[in-house]
Every structure is written in C-alpha cells, then in structure tokens.
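Examining the three-dimensional arrangement
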Amino acid sequence: MSHGIPGARGVDHIGFTVPDLDQAEEFLVGVLGATPIYTLGAKRSDDDWMQTHIGVDPRTAITEIRFYRLGNGSNLEVFGYDAAGPQAPQPRNSDIGGHHIALYVDDMDLAVEYLRSHGVEVMGDPTASKQAAEGQRWVYFRSPWGMQFELVSFPEGKAYEKDAPVRLWHPAHPAE
C-alpha cells in the first residue's frame, strides 16, 4: 500500500495571482519582509498550451511571475496575468478554492502591533486554540488586494505534538 507520492519531501512553493505585481511586491517585501528571489518573463501561447498545462483560457497570458521567500519558508510564486476573459472575485475561505497563507511568528502581540502600524487590516484579535492545537495563537489579516494571510505562534508547541511521531517545525524544536 502506498504512503503518498514517492520521494515527496514537502512544499516547494505556493503560487497565487495578484491584480498588481508592484503592489504585491511592496506588501510582501516592504511590510512582510520577504526577499525577492527571481523573476520570470511573459508566457503566451497561440495553441492550447495555457489550457492544457495551467487550466486557464488558451488566450490568457502570464505577464510576469515573481518569486519571493519569507524567512525559512517555502517560496511564494506571484503571478500577473492578462486574462482572456472575466476574472472571478477573490474566494473567501468558505469558497471552493478558498485559501490563506499562514506565517509563523515568535511574538504574536508584537507582530499584530506591527501589522496594524502599517495599516494592514488585522481581522480581530488573536485567538487561543484548544484541543489538539492548544498552545497556539492565531489571527488572520488581509493583503491590499484582499488575500487572506494568517499569523500563528506556538513557542512551546501544540498539544498534539506531545505524542506525535512527526512535529511541525517551530523554534522550540528546530532540529527535528
């Protein structure tokens, strides 16, 4: 019986589309502290390549792709598109395809204060998790284009990790 994709090691990158690449870079680099890694140029096709390989209208064009890294995490692959048809609104977490990106922080209160001081919409106050995630605090915030991000912090670990064979990375156990 298979235990997943052979040789899979983890998440390499997370890709998402933004309405304005310069605005996204200002937020990702200027507010979140990401490091620009590299940029790829436009991709356009006169055949069905875009539909076959990316699942978009075949006349849609990628205007640019920018890669960033935030701390020790996976790369962020940020797309700019010239869509051939209308674009759907930003999905909510409750929508199919809804999503968010969670960022680990050492000090939740300091991170929330920092975001608010930069005019970032922080969605409520940090929530203390219960049950298996006890030991964690979290709060959502929005990018200027409406995409949801989350701050999480669990400096002493989460309750489920006490007996878990695999732990999430966090500063209390960096070598595991």
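To be clear, the structure that these remarks concern was listed above.
So, a few notes on the structure that sits alongside this text. (Residues numbered from 1 in each chain as written. Predicted model: local features only at pLDDT ≥ 70, side-chain atom pairs only at ≥ 80, totals over all residues. Heavy atoms only, no water.)

Taken together, Ile-37, Tyr-38 and Leu-40 make up a surface patch of nonpolar side chains, about 260 Å² in accessible area. Residue placement: Ile-37 occurs in strand β2 (residues 35-40). (Patch = residues over 30% accessible without salt bridge, like charges linked within 9 Å, V, L, I, M, F, W, Y side chains within 5 Å. Areas by Shrake-Rupley, 256 points an atom, 1.4 Å probe, with all protein chains shown as cover. Salt bridge = Lys/Arg side-chain N within 4 Å of Asp/Glu carboxyl O. Helix = DSSP H or I, 4+ residues; strand = E, 2+ residues; numbered from the N terminus.)

Residue position: Arg-66 is located in strand β3 (residues 61-69). The exposure class of Arg-66 is buried, given its relative accessible area of 11%. One polar contact links Arg-66 to Glu-64, side chain to side chain, over a distance of 3.0 Å. For Arg-66, the residues in contact, after removing those within four places along its chain, are Leu-21, Asp-22, Glu-25, Tyr-38, Thr-39, Leu-76, Glu-77 and Val-78. (Buried < 20%, exposed > 50% of the residue type's maximum accessible area, 1.4 Å probe, protein only. Polar contact = N/O pair within 3.5 Å; in protein donor to acceptor, adjacent residues only side chain to side chain. Contact = heavy atoms within 4.5 Å.)

Taken together, the four strands give an open sheet; going across it, the order is β1-β4-β3-β2, and neighbouring strands pair in mixed fashion. At either end of the open sheet lies a strand with only one pairing partner, and these are β1 (13-17) and β2. Strand-to-strand twist in this sheet, taken as the mean axis angle between neighbours without regard to direction, amounts to 25°. In this structure, β2 lies alongside β3, joined through five bridges in antiparallel fashion. Bridging across to β3, Pro-36 finds its partner in Tyr-68. Each of β1, β2, β3 and β4 (75-82) touches helix α1 (residues 21-31); the most contacted strand, β3, lies at about 5° to it. (Pairing = 2+ DSSP bridges. Axes fitted to C-alpha atoms, helices over the stretch in contact; angles between N-to-C directions.)

Quick look at the pattern of salt bridges now. Under the counting rule described, the total for this entry stands at eight salt bridges. Linking Asp-82 and Arg-44 is a salt bridge whose minimum nitrogen-to-oxygen distance equals 3.9 Å. Of this pair, Asp-82 sits in strand β4 while Arg-44 is found in the loop between β2 and α2 (49-54), placing the two residues 38 residues apart along the sequence. The class of Arg-44 is exposed, set by a relative accessible area of 55%. Measuring nitrogen to oxygen at the nearest pair gives 2.9 Å for the salt bridge that ties Asp-109 to Arg-137. Remark: Arg-137 occurs in strand β7 (residues 137-142) and Asp-109 occurs in helix α3 (residues 108-117); sequence separation between them is 28 residues. Its relative accessible area of 29% is what places Arg-137 among the partly exposed residues.

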